[in-house]
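Each chain, letter by letter, is given below.
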Amino acid sequence: MNDEETKPSDFIREAVIEDLKSGRFNYVRTRLPPEPNGYLHIGHVKAFMIDYLIAKENNGELILRFDDTNPAKEETEFVEAIEEDARWLGIEWVKVTYASDYFGLLYDWAVQLVKKGLAYVDDQTPEQVSANRGTLTTPGKNSPYRDRSVEENLDLLERMKNGEFPDGSRILRAKIDMAHPNINMRDPAMYRIIHEPPHHRTGDKWKIYPMYDWAHGQNDSMEGITHSLCSLEYENHRPLYEWFPEQLGVWKPRQIEFARLNMSYTVMSKRKLRRLVEEKIVSGWDDPRMPTLRAMRRRGYTAEAVLEFIRKVGVAKNYSVSDVSLLESCVREDLNKTSLRRMAVIKPLKVVIDNYPDDLVEEMDAINNPEDPSAGTRKVPFSKVLYIEQDDFRETPPPKYYRLFPGNEVRLRYAYFIKCTHIVKDDNGEVVEVHATYDPTTRGGDSADGRKVKSTIHWVSAQHAKEAEIRLYDRLFTKEDPEEGDEGFLACINPNSLDISTGYVEPSLSSPEAGSRYQFERQGYFCADSDSTSDKPVFNLTVNLKDAWSKIEKKGK
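Residues numbered from 1 in each chain as written. Predicted model: local features only at pLDDT ≥ 70, side-chain atom pairs only at ≥ 80, totals over all residues. Heavy atoms only, no water.

Caption draft 1: Seen up close, helix H3 (residues 42–57). Look at H3: 22 Å from first C-alpha to last across 16 residues, which is about the 22 Å you get at 1.5 Å a residue. For H3, the full list of buried residues reads Ile42, Gly43, Val45, Lys46, Phe48, Met49, Ile50, Asp51, Tyr52, Ile54 and Ala55. Remark: Asn59 follows H3 within two positions and exhibits a positive phi of approximately 55 degrees. (Helix = DSSP H or I, 4+ residues; strand = E, 2+ residues; numbered from the N terminus. Expected span 1.5 Å × (residues − 1). Buried < 20%, exposed > 50% of the residue type's maximum accessible area, 1.4 Å probe, protein only.)

Caption draft 2: Local environment of the environment of Lys270. Inspection of the secondary structure puts Lys270 in helix H10 (residues 270–278). The exposure class assigned to Lys270 is partly exposed, which follows from its relative accessible area of 22%. Spatially, the C-alpha atoms of Lys270 and Glu467 are 37 Å apart, while their sequence positions differ by 197 residues. The residues touching Lys270, leaving out its near neighbours within four places in the chain, are Glu35, Asn37, Gly38, His44 and Trp285. (Contact = heavy atoms within 4.5 Å.)

Caption draft 3: Region of the structure containing the packing of helix H12 (residues 303–313) against helix H13 (residues 324–338). At their nearest, the axes of H12 and H13 sit 8 Å apart, and the two run at 135 degrees to each other. In terms of their interaxial angle, H12 and H13 are classed as oblique. As H12 runs across H13, the sense of the crossing is right-handed. In this structure, H12 uses Glu304, Ala305, Val306, Glu308, Phe309, Lys312 and Val313 to contact H13, whose residues at the interface are Leu326, Leu327, Cys330, Val331, Glu333 and Asp334. By residue class, the composition of the contact of H12 with H13 is eight nonpolar, no polar and five charged. (Axes fitted to C-alpha atoms, helices over the stretch in contact; angles between N-to-C directions. Parallel < 35°, antiparallel > 145°, perpendicular 65-115°, else oblique. Left-handed = near helix turned anticlockwise from the far one by under 90°. Nonpolar A, V, L, I, M, F, W, Y, C, P; charged D, E, K, R; others polar.)

Caption draft 4: Structural view of the side chain of Lys272. With respect to the secondary-structure elements, Lys272 resides in helix H10. Taking the relative accessible area as the measure of exposure, Lys272 reaches 14% and is therefore buried. Once residues lying within four places of it in the same chain are set aside, the contact partners of Lys272 are Val267, Glu483 and Phe489.

Caption draft 5: Quick look at a negative patch on the surface. Negative charge collects at one region of the surface, where Asp323, Glu480, Asp481 and Glu484 lie side by side. Relative to the helices and strands, Asp323 resides in the loop between H12 and H13. (Patch = residues over 30% accessible without salt bridge, like charges linked within 9 Å, V, L, I, M, F, W, Y side chains within 5 Å. Areas by Shrake-Rupley, 256 points an atom, 1.4 Å probe, with all protein chains shown as cover. Salt bridge = Lys/Arg side-chain N within 4 Å of Asp/Glu carboxyl O. Lys, Arg positive; Asp, Glu negative; His and termini not counted. Charge placed at Lys NZ, Arg CZ, Asp CG, Glu CD.)

Caption draft 6: Layout of the sheet that holds strand S24 (residues 524–528). Taken in spatial order, the seven strands line up as S10-S23-S24-S25-S21-S22-S11 in an open sheet, and their pairing is mixed. Two strands bound the open sheet, and with one partner strand each, they are strand S10 (340–342) and strand S11 (344–345). With eight bridges joining them, strand S21 (residues 466–473) and strand S22 (residues 498–505) adopt antiparallel strand pairing. Within the sheet, the bridge partner assigned to Glu469 lies in S22 and is Thr502. Contacting S10, strand S23 (517–520), S24 and strand S25 (538–544), H13 runs over the sheet at an angle of about 115 degrees to S25. (Pairing = 2+ DSSP bridges.)

Caption draft 7: Looking closely at the confidence of the model for the protein chain. Residues at a pLDDT of 70 or more form 97% of the protein chain, whose mean pLDDT is 94. Residue range residues 1–5 is modelled with pLDDT below 50. Its contacts to residues more than four positions away, or to other chains, number one contact. (pLDDT = per-residue confidence, 0-100.)

Caption draft 8: Local environment of the pairing of strand S5 (residues 171–174). Burial along S5 is two-sided: Ile171 and Arg173 and Leu172 and Ala174, pointing in opposite directions, are all buried. Of the strand pairs in this sheet, strand S4 (residues 119–122) and S5 are connected by four bridges, and their pairing is antiparallel. Paired with Tyr120 across the strands is Arg173, a residue of S5. Two elements, S5 and strand S6 (residues 189–193), share three bridges in a ladder whose sense is antiparallel. Each bridged residue has a counterpart across the sheet, and for Leu172 the counterpart in S6 is Tyr191.

Caption draft 9: Highlighting the pattern of salt bridges. A full pass over the atoms with the stated rule returns 56 salt bridges. The partner of Arg275 in a salt bridge is Glu279, and the shortest N-O contact between them spans 2.8 Å. Under the relative-accessibility criterion, Arg275 is labelled partly exposed at 32%. What makes Glu279 partly exposed here is its relative accessible area of 42%. Among the ionic contacts, a cluster of salt bridges with common partners joins Asp286, Arg298, Glu469, Arg471, Asp529 and Asp531.

Caption draft 10: The arrangement of the sheet that holds S5 in detail. Taken in spatial order, the four strands make up an open sheet running S4-S5-S6-S7, and their pairing is antiparallel. On the outer flanks of this sheet lie S4 and strand S7 (208–210), each paired with one strand and no other. Ignoring strand direction, the axes of neighbouring strands in this sheet form an average angle of 20 degrees. Bridge count for S6 against S7 is three bridges, and the pairing is antiparallel. Residue pairing across strands places Ile193 opposite Ile208, the latter belonging to S7. Each of S4, S5, S6 and S7 is contacted by helix H5 (residues 103–115), which is oriented at about 120 degrees to S6, the strand it contacts most. Relative to S4, helix H7 (residues 150–161) is tilted by about 60 degrees, and along the sheet it contacts S4, S5, S6 and S7.

Below, the structure written as structure tokens:
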């Protein structure tokens, strides 16, 4: 197939191509308009990639513009975090701008509308404004201040800007139609008064700040944006975004809406995510159970896997919910190709090989990645005392259990056959030690006499292993739709979403670099956490080797 046949196609891409063909635009320029009041999450990735790829595929430009119109919410920390996360995704932009860069010009344009009789200062209280707006079935009521003269409005607007009036006492409104069937067209607010806190970039210069619906579309116009791509909730705002530039006689971008990303077992609302952090349900915005990009990076997700998930979800106009299992599958597929294999025991059980020499230490050859021969091999120390997984031993095995049990023989990965001879229990009757014998002729995992074993288990040498903290993460919510029902999303928090164990890892993992990813053989994919120390490495479960949840869900149906 040639490049044209493999190029993605959807209604947005088709519209952009048609605009170029028809001459509506002779270039493509899009923008990312994040608010610097929180961290990017997986939902933002879809919107960001649509904007970025539309520009890139058409040899266009992308502008990263921060919507810093609300001084009470913005923080420089979020600006830097958003840039960092966007770069991690591979997004490139021609420049970074801020809504506040245009505060002066935006104010001048507001003055123009006042002079045209298309905007006025309203003294109604916020409650009165809301009450007089009307409903979907009843028209709104005109403000008693709607017919102020142009001169009076200009004077009041100037004094609002200069800080003469208290917060909430006056707003500037567009003068459109209080009976309009679209509530967004019923004299929407353009400016509100905010004295404190100072703006993170302009300080105390401004005492009035533009509303999003006023700033957003005009900023697009000021930057020559051709295609303003946004989620479906802005579809009803489009008539307003088109009305302002028509009245001002300025550049008119084309707005195209798409369905936002929703994902099962996940909440995307910044307000709800903030509650999870503030109420200490999670440890922070980068807690690996969160849907933020910071959290996903900490958990060990790769940008390639996240982008493949977004590609598979596609671009649509209709509401839908993507299965989080698809994201996990993309992560699993990517890590399988790139992750080095290592042995780690999460819930350890001691094994003593009674006929192995006490002081002997051998080095076994272990494969680093069967998917990548160039990754080579490594040496893993083997000795008399080992740790294996508790689940790999049963005193009384259930049917079809082929791992270690009294009298049974298994293969130790890369090493020898061993046979369980007897066990040691503690005062509570729990097995604390397994004794076995080994066959020295089976080094490497095969017997000279051709006998077969039905199970291979992993291990670490007790003498050489490094103690490690293993954090096993699961889904934060127990319900596919956490917001379903009256009880709210906090009522379905999964109490088992984090299980911390002290385990052992092979010596090559003693001092891992934070963010390095591995496949713990037979366990899952893990990532070295930033909490790791020289004394104790910490590993986060990224994703299991298999999708265990699909089986659980099938059983429940």
